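Structural overview
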Amino acid sequence: MNKNKPNKPIFIAEIGMNYNSNFDLAVEMIKQSKLSGADIAKFQIGWRDKPGEINYITKDDINLLLKEAKFYDIELMFSIINENAFQMFCDFDFKSVKIASRTSAHDIELTRKIVDLNLNTYISFGMCDVNSFPIKKSENHKYLFCVSKYPTYYTDLTSFPEDFSNSIYDGYSDHTHGIEMCLFALSRGASIIEKHFTLDKSENNIRDHALSANPEEFKKMVDLGTIIYKINKTIS
């Protein structure tokens, strides 16, 4: 397949629901994502999103997050999980969008609607076979290898791409403990890394904190990973 690889990898800080329904914390996490070297700070809309639930997000909340992301000069992105979330997303001007594994596998109608927005579209394939995906890949589609298990262990990654540059995948969405698999993916040519991000790995209100990178780990991943990526790009 031999893709033309970008000069540097893209690092996505998956904040998800790790802001614990606290939008002051969400703003701080956007700031820390930027300071940790992330190119994109990502949240989710449409999952556990009813009033009173941990991920209830309104248009006012999105406006706040957009304003703060612009201030800290980091791109804001959302995964869209359901139709209501899609309608709300369409009221804003975003550069990129994420299609989560559950959506690409179980809601192809919504997936088509998201793809038809013609944005930079990142698609995870943790719950379906990428080779049977019914939507043709376009230049603005970025496919992410993923295992939808939380956490993912090394023994779950037996189908990990040997060379991302010669596979259908562009990058890797990680659910393992630590940053090692992200660095391994970059050594195999991945040009996009999505890693869950937290300010406190000991938080236990949701499972994602334990498998997330804190700011120190995320920055180490970006610094080392960028060098590893450049080495791979130079010698491959």
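Residues numbered from 1 in each chain as written. Predicted model: local features only at pLDDT ≥ 70, side-chain atom pairs only at ≥ 80, totals over all residues. Heavy atoms only, no water.

**Remarks on the packing of aromatic side chains**
In the structure shown here, the tally under the stated rule is 17 aromatic pairs. Look at Phe160 and Phe184: their rings are 5.7 Å apart centre to centre, the planes differ by 35°, and that puts the pair in the tilted class. Taken together, the residues Phe160 in the loop between strand E6 (141-146) and strand E7 (171-174) and Phe184 in helix H6 (residues 180-187) connect sequence positions 24 residues apart. Residue Phe160 is classed as buried on the basis of its relative accessible area, which comes to 8%. (Phe/Tyr/Trp six-rings, centres within 6.5 Å; stacked < 30°, edge-to-face > 60°. Helix = DSSP H or I, 4+ residues; strand = E, 2+ residues; numbered from the N terminus. Buried < 20%, exposed > 50% of the residue type's maximum accessible area, 1.4 Å probe, protein only.)

**Quick notes on a nonpolar patch on the surface**
On the surface, Ile227, Ile231 and Ile235 cluster together into a nonpolar patch covering about 330 Å² of accessible area. By the element assignment, Ile227 lies in helix H7 (residues 215-235). Taking relative accessible area as the criterion, Ile227 reaches 51% and is therefore assigned exposed. (Patch = residues over 30% accessible without salt bridge, like charges linked within 9 Å, V, L, I, M, F, W, Y side chains within 5 Å. Areas by Shrake-Rupley, 256 points an atom, 1.4 Å probe, with all protein chains shown as cover. Salt bridge = Lys/Arg side-chain N within 4 Å of Asp/Glu carboxyl O.)

**Some details on the pairing of strand E4 (residues 96-99)**
Going residue by residue along E4, you find Ser96 and Lys98 tucked away on one face and Val97 and Ile99 tucked away on the opposite face as well. Where E4 and strand E5 (residues 120-125) come together, four bridges link them in parallel fashion. Bridge pairing in E5 places Lys98 opposite Tyr122. (Pairing = 2+ DSSP bridges.)

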